[in-house]
Amino acid sequence: MRGLGEAFSLNSFYYSDPVASLHNGRTMTDSLSTYLWLSAFAFVAGLINSVAGGGTLLTFPALLTALAPLGAEAGPFANATSTVALLPASLAGAWGYRHEIKAVRSWVSLLLGPSLLGGLLGSLLVTRLEAHFFNSLIPWLILTATLLFLVQPALARGVQAKPHAAPSRKTLVGIVVFQFLIAIYGGLFGAGIGILMLSALALMGIPSVHQMNAVKTFLAFCINGVSVLIFVVEKKVEWHYAPLMATAAVVGGYLGARVARRVQPQLVRWLIIAIGLGLASYYFYKNNLLL
């Protein structure tokens, strides 16, 4: 996504002693402008996550541009670094629902195992398979996340309907399996997992939307947390970028909580959908998947 990098290129801001990092024999030299626009994208990602979600659709492509010198490894590194950068904001969200969690501990206990196992498997797919495998999935992952945001209102109407009766044993098994698959996707990419989880949680008979959001937010943090652990151990994180982006995302998330009261979430959601469709089209074209 060269255009994104060029749009924020400020050659006059190059360090006299540039920061350089080495990955698999490739050296990346960073300019101050790179840190500035990555922080800006992380700030906006944190802000829109507080309003409507979808921040990964900003941080991942931005990092993909910044890490382009890594070649095929840029995809896995961008994914891992984006996950690390957005994790503190995810923790803050989970902490915010700490009181609601107490009322749904049984559901959290039921879904925690498949969430951790699926997140582990998904993140290992990123780190252990050839980088070209993940890169070939990039347009499909972005498109999937975008479509999830597109259908979000319909799913939300189902969630806000009257609570379902207590699920049967077969339904419980289905929910656990579905959560495991969601967690694999979460470890692999992650954008939109909250929407998927809410669609399943609506079948569990949880009486309050706030309680469903509490379960969703906590499990999303667990999935992201185990993914971050794997990415760190497997050395797939670009630490020159992650701390600064994480700080910017937290600040954006804090301000987003205030902005959310003044901004129509639907407007933000449609902006994210437009960005997602544009990015998906770009990567489909770049990978020669468009006719």
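Trainee: I'd like to hear about helix α10 (residues 193–201), residue by residue, with values.
Mentor: An α-helical turn contains 3.6 residues, so a residue and the one three or four places further along point in the same direction. α10 sits mainly inside the fold: 8 of its 9 residues count as buried. For α10, the set of buried residues is Ile193, Gly194, Ile195, Leu196, Met197, Leu198, Ala200 and Leu201.

Trainee: Can you tell me about helix α9 (residues 169–188), naming the residues and giving the values?
Mentor: With 20 residues, α9 extends 29 Å between its outermost C-alpha atoms, agreeing within 8% with the 28 Å of an ideal straight helix rising 1.5 Å per residue. Listed in full, the buried residues belonging to α9 are Ile175, Gln179, Ile182, Ala183, Ile184, Tyr185, Gly186, Gly187 and Leu188. Buried residues belonging to α9 abut α4 (74–96), α6 (105–128), α7 (131–150), α10 and α11 (209–233).

Trainee: Give a detailed account of unusual backbone geometry, specifying residues and quantitative values.
Mentor: The phi dihedral of Lys235 is positive, around 60°, even though this residue is not glycine. With respect to the helices, strands and loops of the structure, Lys235 is situated in the loop between α11 and α12 (242–259).

Trainee: I'd like a rundown of the confidence of the model for the protein chain, residues and numbers included.
Mentor: The share of residues in the protein chain with pLDDT of 70 or more is 79%, and the mean pLDDT across the chain is 79. Of the regions scoring below 50 in pLDDT, residues 1–20 engages in 36 contacts with residues more than four places distant in sequence or in other chains.

Trainee: Which residues make up the pattern of salt bridges, and what are the values?
Mentor: Using the criterion set out here, one finds 2 salt bridges in the structure. Residue Lys236 pairs with Glu73 through a salt bridge whose shortest N-O separation is 2.9 Å. Remark: Glu73 occurs in the loop between α3 (56–66) and α4 and Lys236 occurs in the loop between α11 and α12; sequence separation between them is 163 residues. Among the ionic pairs, Arg128 bridges to Glu234, the shortest N-O distance being 2.8 Å. With Arg128 in helix α6 and Glu234 in the loop between α11 and α12, this residue pair connects regions lying 106 residues apart in the sequence. Judged by its relative accessible area of 58%, Arg128 is exposed.

Trainee: Requested: an account of the packing of aromatic side chains, with residues and values cited.
Mentor: Applying the stated rule across the entire model yields 6 aromatic pairs. Arranged with centres 6.2 Å apart and planes meeting at 85°, the rings of Phe60 and Phe134 form a pair that is edge-to-face. Here the residue Phe60 occupies a position in helix α3, and Phe134 occupies one in helix α7, the gap between them amounting to 74 residues. Accessibility expressed as a relative area gives 1% for Phe134, which makes it buried. Where Tyr282 meets Tyr283, the ring centres are 5.0 Å apart and the plane angle is 80°; that geometry is what we call edge-to-face. Judged by relative accessible area, which is 30%, Tyr282 ranks as partly exposed. Since its relative accessible area comes to 3%, Tyr283 is described here as buried. Three or more aromatic residues link up through ring pairs in this structure, and these residues are Phe60, Phe134 and Phe189.

Trainee: An account of the packing of α6 against α9 is needed here, citing residue identities and associated values.
Mentor: Close contact between α6 and α9 brings their axes to 6 Å; oriented N to C, the two are set at 35°. Considering the relative orientation of α6 and α9, their crossing is right-handed. For the contact of α6 with α9, the class distribution of residues is 15 nonpolar, 7 polar and no charged.

Trainee: Now, about the environment of Ser227: what can you tell me, with residues and values included?
Mentor: Take Ser227: it is sitting in helix α11. Here Ser227 falls in the buried class, since its relative accessible area comes to 1%. In sequence terms Ser227 and Gly118 are 109 residues apart; their C-alpha atoms lie 9.6 Å from each other.

Trainee: Which residues make up a nonpolar patch on the surface, and what values go with them?
Mentor: Residues Leu147, Leu150, Val151 and Trp270 make up a contiguous nonpolar surface patch of roughly 360 Å² in combined accessible area. Topologically, Leu147 is positioned in helix α7. What makes Leu147 partly exposed here is its relative accessible area of 41%.

Conventions and cut-offs
Each residue is numbered by its place in its chain's sequence as written, counting from 1. Only residues with pLDDT of at least 70 are given local features in this predicted model, and only at 80 or more are side-chain atom pairs given and counted; all residues enter the totals for whole chains, interfaces and linings. With hydrogens and water set aside, each side-chain value is computed from the structure's full complement of heavy atoms. Any residue under 20% of the maximum accessible area for its type is buried, any over 50% is exposed, and the rest in between are partly exposed; the area is computed with a 1.4 Å probe on protein chains only. By the criteria applied, helices consist of DSSP H or I runs no shorter than four residues and strands consist of E runs no shorter than two, each listed in order from the N terminus. In this analysis, the expected span of each helix is defined as 1.5 Å times one less than the number of residues it contains. Two residues form a contact once any of their heavy atoms are found within 4.5 Å. pLDDT measures the predictor's confidence residue by residue and takes values from 0 up to 100. By salt bridge we mean one thing: a side-chain nitrogen of Lys or Arg within 4 Å of a carboxyl oxygen of Asp or Glu. A pair of Phe, Tyr and Trp rings is counted when the ring centres sit within 6.5 Å of each other, with Trp represented by its six-membered ring. The angle between the planes then sorts it: under 30 degrees is stacked, over 60 is edge-to-face, the rest tilted. All axes are obtained by fitting lines to C-alpha atoms, using only the stretch in contact for helices, and the reported angles, taken between N-to-C directions, cover 0 to 180 degrees. With the far helix as reference, a near helix turned anticlockwise by less than a right angle produces a left-handed crossing, and one turned clockwise produces a right-handed crossing. Any residue that is not Ala, Val, Leu, Ile, Met, Phe, Trp, Tyr, Cys, Pro, Asp, Glu, Lys or Arg is counted as polar, Gly included; the first ten are nonpolar and the last four charged. Patch membership is restricted to residues that have no salt bridge and whose relative accessible area is over 30%. Joining uses 9 Å for like charges and 5 Å for the nonpolar side chains Val, Leu, Ile, Met, Phe, Trp and Tyr. Throughout, the Shrake-Rupley method with a 1.4 Å probe supplies accessible areas, and for residues the shown protein chains are the sole cover considered.

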